[in-house]
Amino acid sequence: MDRVSAFDEPLKKLLGGATAKVMADHLDLHTVGDLLHHYPRRYEERGRLTALTDLPLDEHVTVVAQVADARIMMFNQGRGKRLEVTLTDGNGRLQLVFFGHGVHKPHKELLPGRRAMFAGKVSVFARKMQLAHPTYQLLDAESIDGAEATEAVDAFAGLLLPIYPACKQLDSWRIAKAVDTVLPSAREAVDPLPAGLREGRGFTSLPEALLKVHRPQTKADIAQARDRLKWDEAFVLQVALARRRYADTQLPAVARRPRPGGLLDAFDAKLPFTLTEGQQKVSKEIFDDLATEHPMHRLLQGEVGSGKTMVALRAMLGVVDAGGQAAMLAPTEVLAQQHHRSITEMMGELAEGGMLGGSEQGTKVVLLTGSMGVAARRQALLDLVTGEAGIVIGTHALIEDKVQFHDLGLVVVDEQHRFGVEQRDALRSKGKQPPHLLVMTATPIPRTVAMTVFGDLETSVLDQLPAGRSPIASHVVPAKDKPHFLSRAWERVREEVENGHQAYVVCPRIGDDAEDEAAGKKGKKKAAEDDGEKRPPLAVLEIADQLAKGPLAGLRIEVLHGRMNPDDKDDVMRRFAAGQVDVLVATTVIEVGVNVPNATAMVIMDADRFGVSQLHQLRGRVGRGSAAGLCLLVSEAHEASPARARLSAVAATLDGFELSRIDLEQRREGDVLGQAQSGVRSSLRMLTVIDDEEVIAAAREEAVAVVAADPELEHLPELRIALDALLDKEREEYLDKG
């Protein structure tokens, strides 16, 4: 068998069809290599029993414990019987229960004093933690015959016992047995690390690391194996990203240098304020990139209100000065219209190039969205193809085939995580040569995630707020425990309105028929799975109605949600911005980009239904003027619940980077990476993006050096093989477009 194919061998050849099918369907493991990279989650030590006191409810667990008591109970007037077994680990107790015909075997085997491994889903019955019908494996010699007994005891007594991420259909020890079957193939692992790097950092070989992670003799074995395997994951991914960045530097692009005395200088001259230090620094990075003859790929992240739009606009004006066009892609029509409004306001007569009263240095700024009338759309398309319009702001309508540019020089993408990478790519393909690319996000991204998920982009961070931004006070409102707090929240909203300000009320749901019908189908299934969720999330239409008839009666209340007609949405937003609406009850459509400086209060209903970063984004909509902002997070979650802890964290700090870190720690990286990788399964099994910042940073440095010396990796065939394995078809496309 050659060196590559041992790892590519399908599991069904070695393990049999049934086991291989469960592994494929439930654990996404298909080949020998997949299984060898399915690492133990933790290890049990001989003599140390699992703590039964902190078992997670509703999760599939594996415990090692001793039988304290076992008894058969009759029920249903003697017609039914069940076996109840009590386990102990010296601190806590756990109940096992077996019913019907399933009681015979465990009744004979699970005698008091016996030790075993048990696996099952933790539930609560009569206020006690229990596992119903768990599978188990006995761990003491008397329970098995002769040679097998010695083997089981040796395996248990002499070694650390690996506990694998398992599923209901396949227990940890069955996975361990399957690993035993494929473990000999580990010796044929192709080592991706260049020899010099491996020796320089004192790493064990890859075959050795795989053997040690699955069958460690000591804790030192585990540490050694983990260090090596983490490094591999970080390094191979960083090499892939470094090669993307390198390939980008090889693409041709037109250098775009603003001309002195042009549009940018005219714009700067009429600015009523000076740019913050941060804005100046980031602008310099962007203009340096634009002046080179390969495409800029830069991620601009900054807090809500840190002035990203101003930085992006200056970059766009610089490109127009240099004879090119700039396109800004926004995720929603409301946001595209908002950007168009604020940019034309900021530019004044400079946005009226070629029109009466327009500045001679000016250019035309056009809007392009799906809901525009035919005539307006035709004119916008004409302005783009002739070059009359230097700047276009639009939604994904910009990507359609009909849209042609005279000379597209810069693409600005707002809120990257809302676009498929394909969309970003489609817009980039409209340039005669690849245009420069600036991606903006107001979702603060921890440095490690920026280095992995957005690793093909250079990163700029705006972390100071412009002068004049007001502080936002945030409080959790426990609606269930203290209903009078909610009444006080509505009084506070009324007070803000009486003082001449406006407020938002945000709900997780719309509450219209179309939504309810879709939710109904999902809801039946969901309700069966999760009886804990007693009521559906609060809805915009219901809450608006209740507020108008109740605590906010007499105020001008309007609703805004994604299923409204675009003209109606824009009309509501315009009137809210003009101060003709007191309270806007909305879904998260207001999450990005809506700028109403007079809005000072926000009440977020069912706040525990939103993620940390999303709450932070929403909160950033208030306190945008000179008056202080107030954000009230209404929740019925129990005080001791993780949901409440999350809300308290949001209320405690306005630092988005700190919150993104908390968010990542709570959700772990699966969600964060999963979202960013457009559904591609994360290849990180050992590396945790949140904890391994140093490993990722060091791997990135080494990767850059390796790629600079040998871009095609001609002298590193093993690394190429590892890269091909990482970059299966989907992932390769993700990185290409990312």
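In this text the structure is predicted, and so the values were computed from the model without any measurement.

S.K.: Could you give an account of the sheet that holds strand 16 (residues 472–478), naming the residues involved and the relevant values?
M.R.: Read across the open sheet, the 6 strands follow the order 16-21-20-17-19-18; overall the sheet is parallel. In this open sheet, the two strands that pair with only one neighbour each are strand 16 and strand 18 (557–560). When strand polarity is set aside, the average angle formed by the axes of neighbouring strands in this sheet is 20 degrees. In terms of strand pairing, strand 18 meets strand 19 (residues 583–586) through 4 bridges, oriented parallel. Opposite Val 559, over in strand 19, you have Val 585 as the bridge partner. Contacts from helix 23 (residues 642–652) reach strand 16 and strand 21 (629–635), with the element oriented near 160 degrees to strand 16.

S.K.: Tell me about the confidence of the model for the chain, residues and numbers included.
M.R.: Residues with a pLDDT of 70 or more make up 84% of the chain, whose mean pLDDT is 81. Between the elements of the chain, mean pLDDT differs from a low of 47, seen in helix 27 (residues 729–737), to a high of 95, seen in strand 17 (residues 502–506). Contacts from residues 523–533, a stretch scored under 50 in pLDDT, to residues over four places away or in other chains number 2 contacts. In the predicted structure, residues 668–682 sits below a pLDDT of 50 and forms 30 contacts with residues beyond four places in sequence or in another chain.

S.K.: So what's going on with the side chain of His 436? Residues and values would help.
M.R.: For His 436, the location among the structural elements is in strand 14 (residues 436–441). In this structure the side chain of His 436 is engaged in a polar contact, spanning 2.9 Å, whose partner is the backbone oxygen of Val 254. Every residue in contact with His 436, bar those within four places of it in the chain, is listed here: Ala 253, Val 254, Arg 256, Asp 289, Leu 290, Thr 292, His 294, Pro 295, Met 296, Gly 409, Leu 410 and Val 411.

S.K.: Explain the sheet that holds strand 10 (residues 325–329) to me, and be specific about the residues and the numbers.
M.R.: Taking strand neighbours across the sheet as the criterion, the 7 strands line up as 11-12-10-13-14-9-15 in an open arrangement whose pairing is parallel. The sheet terminates laterally at strand 11 (364–368) and strand 15 (458–462), the two strands that pair on one side only. Across the sheet, the mean angle separating the axes of adjacent strands is 20 degrees when strand polarity is ignored. By the bridge criterion, 5 bridges tie strand 10 to strand 13 (residues 408–414) in an arrangement that is parallel.

Rules of the game
- Residues numbered from 1 in each chain as written.
- Predicted model: local features only at pLDDT ≥ 70, side-chain atom pairs only at ≥ 80, totals over all residues.
- Heavy atoms only, no water.
- Pairing = 2+ DSSP bridges.
- Helix = DSSP H or I, 4+ residues; strand = E, 2+ residues; numbered from the N terminus.
- Axes fitted to C-alpha atoms, helices over the stretch in contact; angles between N-to-C directions.
- Contact = heavy atoms within 4.5 Å.
- pLDDT = per-residue confidence, 0-100.
- Polar contact = N/O pair within 3.5 Å; in protein donor to acceptor, adjacent residues only side chain to side chain.

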